[in-house]
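Structural characterization, general
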Amino acid sequence: MCIALPLKITQLIPPHQAVCDAGGTPQTVDISLLDGLCVGDWVSVHRGMAVTRMTEADARLILDALSALDQVRAGETDVDHLFADLVDREPPRPPTT
């Protein structure tokens, strides 16, 4: 399984690189696929390449879900607060044929 991680840009390195915060660790990322990025923007990064710009709210939802996975692997069971966008709603169902 492949996953793109949300990272926050902390520094731009012209012409096509940026330093991003990866959980407190700086990571250099290729940003050549995206135009107009600024320090403070959030991007989804796959294999060192920024592939989409995203909102901070969307980035937080993904980071919370990844945190919940880490906690479950460590034996924690109280992770509902990390899925605040899902807790009080019925999941969508696929159409029946």
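Notes on the structure follow. Computed from a predicted model, the values in this text were never measured in an experiment.

**What about the overall build of the protein chain?**
Along the backbone of the protein chain there are one helix and five strands. The order of helices and strands in the protein chain, counted from the N terminus, is β-β-β-β-β-α. In terms of overall size, the protein chain is more extended than a compact globule, its C-alpha atoms giving a radius of gyration of 16 Å where 97 residues would be expected to give roughly 13 Å. Expressed along its principal axes, the backbone C-alpha trace of the protein chain runs to roughly 45 × 40 × 25 Å. Here the protein chain holds 97 residues, and the buried ones make up 21% of them. Sequence-distant contacts in the protein chain: of pairs separated by 6 or more residues, those separated by 24 or more amount to 29%.

**Brief notes about helix H1 (residues 56-73)**
For H1, which comprises 18 residues, the first-to-last C-alpha distance of 26 Å matches the rise-based estimate of 26 Å (1.5 Å per residue) to within 8%. Directly after H1, the chain includes Gly75, whose backbone phi takes a positive value near 100 degrees.

**Some thoughts on unusual backbone geometry**
A cis amide bond, omega 5 degrees, links Pro14 with the succeeding residue Pro15. Residues other than glycine seldom take positive phi values, yet Arg47 does so here, at roughly 50 degrees. By secondary structure assignment, the location of Arg47 is in the loop between strand S4 (42-46) and strand S5 (49-54).

**Quick look at the nonpolar core**
Membership of the largest hydrophobic core is limited to eleven residues, which are Leu7, Ile9, Ala18, Cys20, Val29, Ile31, Leu34, Leu37, Val43, Val45 and Ala50. Mapped by element, the contributors of at least two residues to this core are strand S1 (5-13), strand S2 (17-22) and S4. Setting aside its immediate chain neighbours within four residues, Leu7 contacts Cys20, Asp21, Ala22, Gln27, Val29, Asp41, Trp42, Val43 and Val45.

Rules used in this analysis
Residues numbered from 1 in each chain as written. Predicted model: local features only at pLDDT ≥ 70, side-chain atom pairs only at ≥ 80, totals over all residues. Heavy atoms only, no water. Helix = DSSP H or I, 4+ residues; strand = E, 2+ residues; numbered from the N terminus. Rg over C-alpha atoms; globule rule 2.2 N^0.38 Å. Buried < 20%, exposed > 50% of the residue type's maximum accessible area, 1.4 Å probe, protein only. Contact = heavy atoms within 4.5 Å. Expected span 1.5 Å × (residues − 1). Core = buried A, V, L, I, M, F, W, Y, C linked by side-chain atoms within 4.5 Å.

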